[in-house]
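Residues per chain are reported as follows:
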Amino acid sequence: MRHEGLTGGSWTFLTSHARVLLALARNPEVRLREVAETCVLTERTVQAIVADLEQEGYLTRVRNGRRNHYRISPGAQFRHPAEAGRDIEGLLALFADDPPATRTPRRS
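Description of the structure in this document. Since the structure is predicted, the reported quantities are computational estimates derived from the model, not experimental observations. (Residues numbered from 1 in each chain as written. Predicted model: local features only at pLDDT ≥ 70, side-chain atom pairs only at ≥ 80, totals over all residues. Heavy atoms only, no water.)

## A short note on the pattern of salt bridges
Tallied over the full model, the rule gives two salt bridges. Note that Arg61 is salt-bridged to Glu54, the shortest N-O span being 2.7 Å. Among the residues examined, Arg61 registers a relative accessible area of 33% and is labelled partly exposed. Of the charged contacts in the structure, one is a salt bridge between Arg79 and Glu56, with a shortest N-O distance of 3.7 Å. Taken as a pair, Arg79 in the loop between strand 2 (67-72) and helix 4 (89-95) and Glu56 in the loop between helix 3 (43-55) and strand 1 (59-64) lie far apart in primary sequence, 23 residues in all. What makes Arg79 exposed here is its relative accessible area of 63%. Glu56 sits in the partly exposed class, given a relative accessible area of 44%. (Salt bridge = Lys/Arg side-chain N within 4 Å of Asp/Glu carboxyl O. Buried < 20%, exposed > 50% of the residue type's maximum accessible area, 1.4 Å probe, protein only. Helix = DSSP H or I, 4+ residues; strand = E, 2+ residues; numbered from the N terminus.)

## As for the layout of surface pockets
Computed from the structure, the second largest pocket encloses a volume of approximately 490 Å³. As for the second largest pocket, its lining consists of 17 residues, of which Thr15, His17, Ala18, Phe78 and Arg79 are closest to the centre. Of all the elements in the fold, those that place two or more residues in the lining of the second largest pocket are helix 1 (16-26) and helix 3. Classifying every residue of the lining of the second largest pocket gives nine nonpolar, four polar and four charged. (1 Å grid on protein atoms, 1.4 Å probe; cavity = no way out; pocket = protein on both sides within 12 Å on 5 of 7 lines; lining within 4 Å. Points joined across faces, edges and corners; volume = space filled by probe spheres on them. Nonpolar A, V, L, I, M, F, W, Y, C, P; charged D, E, K, R; others polar.)

Next comes the structure, spelled out in structure tokens:
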């Protein structure tokens, strides 16, 4: 399956779980429908990923009126043995701000 905007094949460096986590870190009040659109996933897939992340302690979901608020646990550690002992805080620091394509240029 080839996604629009991907060059050189269909694989990416970040997993769907990482992309969903970063989308929630960027905007803790975002609707999962919007996360699905941003991550090019189905809403059902995003719901399953959020459940995985919540179950493993990477985030907590708090009901705020009719919306959810997502709290990321930056001290949670990566699961793969190759990244053992490292927490996700570095990943969040690197990617959690707005992607470069949506940033407004800085004026000097």
